[in-house]
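# An overview of the molecular structure
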Amino acid sequence: MKFVALSRQYYADWCKSCQKFGAKYRQLARDLGDRVDVDGAVLRSGDVRFGEVEYTASARLCKTLKVNKLPTVHVYRAGSGKVVDMTCKPSMFHLVVDELHRVLDGSSSGVVDDDDAEADKDKAAVRSGGNMTNASFDMTMVAGLSLGEEIVASLKKKKEEEDEGAKKETNWFWKQ
């Protein structure tokens, strides 16, 4: 079964609200996302693919996607691009669930009236930013993939340098 939507949470490890929000988000992913076994084989195909992006480690990607507050959730609908862009505190997580269900039902426009947004300001900050085209979504995803590959390469290089340093220290210690 092909998934209908992609939901991505942006968070920071140091953010207490993000930690509380993240626990609820991961439970939602277990409920609506794919079920996989330890080998990665899909046991049950879900309607939504879920992902998380740590802000500090992926600051350039987050800035490119205009993520300014945390926690933020973007929802992309297959064939429509980004349809939801919202920042929500943990106590208002049900707004994320409601919006995701509207996307799955095909009734979410992704547009929030200024009056409605102002009325919900204390509950959650919801930004519309407009829908992305498929082409711009693809370009953003490619940019994100490139950034991800850069991050992984730099982490591997750092790990190798640390391992080399540890070997040199060890070799120095044991040399006679």
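This text follows the structure it describes.
Notes on the structure in this doc start here. Keep in mind that this is a model prediction, so the values were computed, not measured.

## Observations regarding the nonpolar core
Counting residues in each nonpolar core, the largest one holds 17 residues, and the members touching the most others are Phe21, Val73, Val75 and Val96. Breaking this core down by element, the ones donating at least two residues are α1 (16-32), β5 (72-77), β6 (81-88) and α3 (93-105). Apart from the residues lying within four places of it in its own chain, the contact partners of Val75 are Ala5, Leu6, Ser7, Gly81, Lys82, Val83, Val84, Leu100 and Val103. Listed in part, the 8 residues of the second largest apolar core include Tyr10, Leu61, Val67 and Tyr76.

## Section: the side chain of Thr72
Along the chain, the position of Thr72 falls in strand β5. Take Thr72: its relative accessible area is 0%, and that puts it in the buried class. Among the polar contacts made by the side chain of Thr72, one reaches the main-chain carbonyl oxygen of Lys69 at a distance of 2.3 Å.

## Observations regarding the pairing of β6
With 8 of 8 residues buried, β6 lies mostly within the body of the structure. Pairing of β5 with β6 involves 6 bridges; the strand directions are antiparallel. Paired with Arg77 across the strands is Gly81, a residue of β6. The turn joining β5 and β6, which pair antiparallel and follow one another in sequence, is formed by 3 residues; a positive phi near 85 degrees is taken by Gly79.

## Brief notes about the packing of aromatic side chains
Taken as a whole and assessed by the stated rule, the structure comprises 2 aromatic pairs. Between Phe21 and Phe93 the ring centres are 5.0 Å apart and the planes differ by 75 degrees, which places this aromatic pair in the edge-to-face class. Taken together, the positions of Phe21 in helix α1 and Phe93 in helix α3 put the pair 72 residues apart, joining distant regions of the chain. Judged by its relative accessible area of 8%, Phe93 is buried.

What counts and what doesn't
Residues numbered from 1 in each chain as written. Predicted model: local features only at pLDDT ≥ 70, side-chain atom pairs only at ≥ 80, totals over all residues. Heavy atoms only, no water. Core = buried A, V, L, I, M, F, W, Y, C linked by side-chain atoms within 4.5 Å. Buried < 20%, exposed > 50% of the residue type's maximum accessible area, 1.4 Å probe, protein only. Helix = DSSP H or I, 4+ residues; strand = E, 2+ residues; numbered from the N terminus. Contact = heavy atoms within 4.5 Å. Polar contact = N/O pair within 3.5 Å; in protein donor to acceptor, adjacent residues only side chain to side chain. Pairing = 2+ DSSP bridges. Phe/Tyr/Trp six-rings, centres within 6.5 Å; stacked < 30°, edge-to-face > 60°.

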